[in-house]
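Structural characterization, general
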Amino acid sequence: MVIHSGESSFKGDSYGRASSPFLPPPVTHRKDCMSAAVKRYRYLRRLFKFEQMDFEFAFWQMTYLFIAPKKVYRNFNYRKETKSQFARDDPAFLVLLSFWLCVSSIGFVFVLGLGFWEFFKFLSYLIFVDCIALGICAATVLWIISNKYFLKPGCMGQDVEWAYAFDIHLNAFFPTLIILHVLQLFFYHVFISHDWFLSRLFGNTLWLIAIGQYVYITFLGYTCLPILHRTHVLMYALVPVFFMYIVSLASGWNIIQTFMDFYHYRVL
């Protein structure tokens, strides 16, 4: 067994494999030993200590969010056993996500022909509105719903951490970002932007896959919590998404083109 600094995990057939149920807290453990404010302070303080971050493990998480997202959440369960919290205590994932936000914004500079200030505005909107503000809204809504409607009857004294709900959003946001803000840029001018049915089919399918990934990874994040049940309800969000996809193809609506026009208008 190998323990990574910052984010503890198993190495072997997969990271973060925890085969046993939650372990009881040690005798010296106190539930109120670390308040949410203290945890938040320690997390933010580590943002400036790159030598203490486990970027290798954060990169592993990002990779597996595409190929096997269930394995990522096994590590969250292991962290609950060892550190009494589901949420990340290592900001390495957030730092790498910020890097990809910058890279994707640079890509839009070339695709949309943005200038320096337009790039700065685009990056600011992407970070503070699309990622953080909308993420806070999504995390808060699902945090309230999960604690009010998804808690098992025998777990009423426990709750879902808001920080973990926001971690779920970041997990789900990353594949969506790569698909819609990185991958599709390579096909936009040469294929997606044309007024062809195959162009709309390809572009709208990318959009469907990206949104589907967001919903599925969000669903996995809440399903892995042993204090919750009926989380399959979250997957119902795919119904209106798929309906919108069918309508877009039938009506000749290029969803990707609409978003690109919106992005361009937003930075003017």
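None of these values were measured; they are calculated from a predicted model.

**As for the nonpolar core**
If you look at soluble globular proteins, the nonpolar side chains tend to sit buried side by side. Grouped together as the largest cluster of nonpolar side chains are 69 residues, with contacts concentrated most on Leu-97, Tyr-164 and Met-260. In this structure Leu-97 touches Met-62, Cys-131, Leu-170, Phe-173, Phe-174 and Leu-177, once residues within four positions along its chain are discounted.

**What about the confidence of the model for the protein?**
The predicted model of the protein averages 85 in pLDDT, with 80% of residues at 70 or higher. For the protein, helix α1 (residues 36-45) is the element with the lowest average pLDDT, namely 61, and helix α9 (residues 238-251) is the one with the highest, namely 98. Every residue in residues 1-33 scores below 50 in pLDDT, and together they form 61 contacts with partners more than four places removed in sequence or on other chains.

**Structural notes on unusual backbone geometry**
The phi dihedral of Arg-230 falls on the positive side, at around 60 degrees, and the residue is not glycine. With respect to the element layout, Arg-230 can be found in the loop between α8 (197-223) and α9. Exposure remark for Arg-230: the relative accessible area of 46% places this residue in the partly exposed category.

**Notes on the environment of Trp-60**
Along the chain, the position of Trp-60 falls in helix α2 (residues 55-67). For the pair Trp-60 and Val-72, spaced 12 residues apart in sequence, the C-alpha separation works out to 8.7 Å.

**As for the packing of aromatic side chains**
Within the structure shown, the criterion is met by 18 aromatic pairs. Centre to centre, the rings of Phe-66 and Phe-174 are 5.8 Å apart; their planes meet at 75 degrees, and the pair counts as edge-to-face. Here Phe-174 lies in helix α6 (residues 162-183) and Phe-66 lies in helix α2, a separation of 108 residues in the sequence. The class of Phe-174 is buried, set by a relative accessible area of 4%. Relative to Trp-117, the ring of Phe-116 lies with its centre 5.2 Å away and its plane at 75 degrees, an arrangement referred to as edge-to-face. Here the two residues Phe-116 and Trp-117 agree in accessibility, since each one is exposed. What links up through ring pairs into an aromatic cluster is the set Phe-108, Phe-122, Phe-259, Phe-262 and Tyr-263. Positioned over the ring face of Phe-93 is Arg-88, at 3.9 Å from the centre of the ring.

**Considerations on a nonpolar patch on the surface**
A cluster of nonpolar side chains, namely Tyr-125, Phe-128, Val-129 and Leu-134, defines an oily patch on the protein surface of about 360 Å² accessible area. Tracing the sequence through the fold places Phe-128 in helix α5 (residues 116-150).

Cut-offs applied
Residues numbered from 1 in each chain as written. Predicted model: local features only at pLDDT ≥ 70, side-chain atom pairs only at ≥ 80, totals over all residues. Heavy atoms only, no water. Core = buried A, V, L, I, M, F, W, Y, C linked by side-chain atoms within 4.5 Å. Buried < 20%, exposed > 50% of the residue type's maximum accessible area, 1.4 Å probe, protein only. Contact = heavy atoms within 4.5 Å. pLDDT = per-residue confidence, 0-100. Helix = DSSP H or I, 4+ residues; strand = E, 2+ residues; numbered from the N terminus. Phe/Tyr/Trp six-rings, centres within 6.5 Å; stacked < 30°, edge-to-face > 60°. Lys NZ or Arg CZ within 6 Å of the ring centre and 35° of its normal. Patch = residues over 30% accessible without salt bridge, like charges linked within 9 Å, V, L, I, M, F, W, Y side chains within 5 Å. Areas by Shrake-Rupley, 256 points an atom, 1.4 Å probe, with all protein chains shown as cover. Salt bridge = Lys/Arg side-chain N within 4 Å of Asp/Glu carboxyl O.

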